[in-house]
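# Per-entry structural report
Spelled out from the first residue to the last, the chains are:
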Amino acid sequence: SKEEFAKKARKQTDRFKISAGRLTFNHINVKSLIERNWFIANSLKIDRINISAYRNKNDVRKYVRAKSVQQLLKSNPIYTVIDSIDIKNARVLYEEVAQGEIHPGNIFFNEIDGVITGFTNDTTLFSKYNMLEFKASGKFMNKGGISVHYDFPLNTEKMVFNCSGKFTEVPFSSINPMLEPNAKVSMRGGVIDSMIFSFHANESGSKGKMKLIYHGLKLEFLNKNKKSGIIQDILSFLSRRLIINEDNPAKNKPARITEINYSRDPSQFIFNYSWKSLLSGIKPVIGIPDNKSKKKKE
């Protein structure tokens, strides 16, 4: 089970469960597969793929450097060349139990259609011009629309990639299944009209730009300690009044464009890396202070 997985692994780790309704390969080179153990195909079509990932941060943490997508691809023991991988009606779920908590928070993407090109571990094809690319569109939490584009240069084994994308018509409340149990924050109102982002990521960190347009944001800090309810209510009130920006753009002002700037945790895989990069651009737009920056200044 997902609760027992990390105990068997003897460390905190992601547990992945992957299934698909149908896999269809076109134009496989059967002779090369049988004689040389080479897998060469023109295309692969995947229908109804489901990917779920689970992590419990209460488990013992052992700091191991996460592998890059390029390393995972090149470590495939079977020589592989697939010109294109078409994905239809996919669903991706991520669950995380925060340290000190019992129940997991979750986010998911559904109705995903996408295509992957450049899927190969043939090092003779690797140059600065060769890219593993992933383009997809779908829904976020079964609500708003999302489109995303990743590209990974294949002339390196390091964690290097570019990411860009767009969210549209996403209610802030749709993020609550992750925020409420893990961050003790609840989005009580508001809609993301659009969020356009682009960033470059490498071994040390990510940098880029974000334009987040939204209106009517209402945010509440949930009470972590029931004994200090009055104090928590006051803090919640002050946070709403003095910090949180309810709209972007504000009345008679231009839209705020923020920097994506995140220092990478080498032990985390690309999913966490991407999410934390986006969060670094979201926080200053909304008005949530960056605790790391504050500590540096102090």
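Residues numbered from 1 in each chain as written. Predicted model: local features only at pLDDT ≥ 70, side-chain atom pairs only at ≥ 80, totals over all residues. Heavy atoms only, no water.

## Considerations on the nonpolar core
Residues Phe161, Phe172, Met195, Phe197, Phe199, Met210 and Leu212 are the most contacted members of the largest nonpolar core, which totals 58 residues. Considering each element in turn, this core owes the most residues, seven residues, to strand E10 (residues 185-201). (Core = buried A, V, L, I, M, F, W, Y, C linked by side-chain atoms within 4.5 Å. Buried < 20%, exposed > 50% of the residue type's maximum accessible area, 1.4 Å probe, protein only. Helix = DSSP H or I, 4+ residues; strand = E, 2+ residues; numbered from the N terminus.)

## A short note on empty space enclosed by the protein
Under the criterion given, the structure shown has one cavity of 30 Å³ or more. Of the pockets and cavities examined, the largest cavity occupies roughly 40 Å³. In this structure, the largest cavity is lined by Lys2, Phe5, Ala6, Thr13, Arg15, Tyr54, Arg55, Asn56 and Asp59. Residue assignment for the lining of the largest cavity shows that the elements contributing at least two residues are helix H1 (2-9) and strand E4 (50-56). Of the residues belonging to the lining of the largest cavity, the class tally is three nonpolar, two polar and four charged. (1 Å grid on protein atoms, 1.4 Å probe; cavity = no way out; pocket = protein on both sides within 12 Å on 5 of 7 lines; lining within 4 Å. Points joined across faces, edges and corners; volume = space filled by probe spheres on them. Nonpolar A, V, L, I, M, F, W, Y, C, P; charged D, E, K, R; others polar.)

## Examining the pairing of strand E5 (residues 79-97)
In the sheet, strand E3 (residues 38-47) pairs with E5 via nine bridges, with the strands oriented parallel. Bridged to Ile46 within E5 is Ile87. Note: E4 against E5, seven bridges, orientation parallel. Paired with Asn50 across the bridge in E5 is Arg91. (Pairing = 2+ DSSP bridges.)

## Let's talk about the environment of Ser206
On the secondary structure map, Ser206 appears in strand E11 (residues 205-221). Assessed through its relative accessible area of 1%, Ser206 is described here as buried. Through-space distance from the C-alpha of Ser206 to that of Asn261 is 5.6 Å; in sequence the pair is 55 residues apart. For Ser206, the residues in contact, after removing those within four places along its chain, are Phe199, His200, Ala201, Ile260, Asn261, Tyr262, Tyr273 and Ser277. (Contact = heavy atoms within 4.5 Å.)

## Some thoughts on helix H4 (residues 176-183)
Restricting attention to buried positions, one finds in H4 the residues Asn176, Met178, Leu179, Pro181 and Asn182. Buried residues belonging to H4 abut E5, strand E6 (105-120) and E10. The first or second residue beyond H4 is Lys184, which carries a positive phi of 55 degrees.

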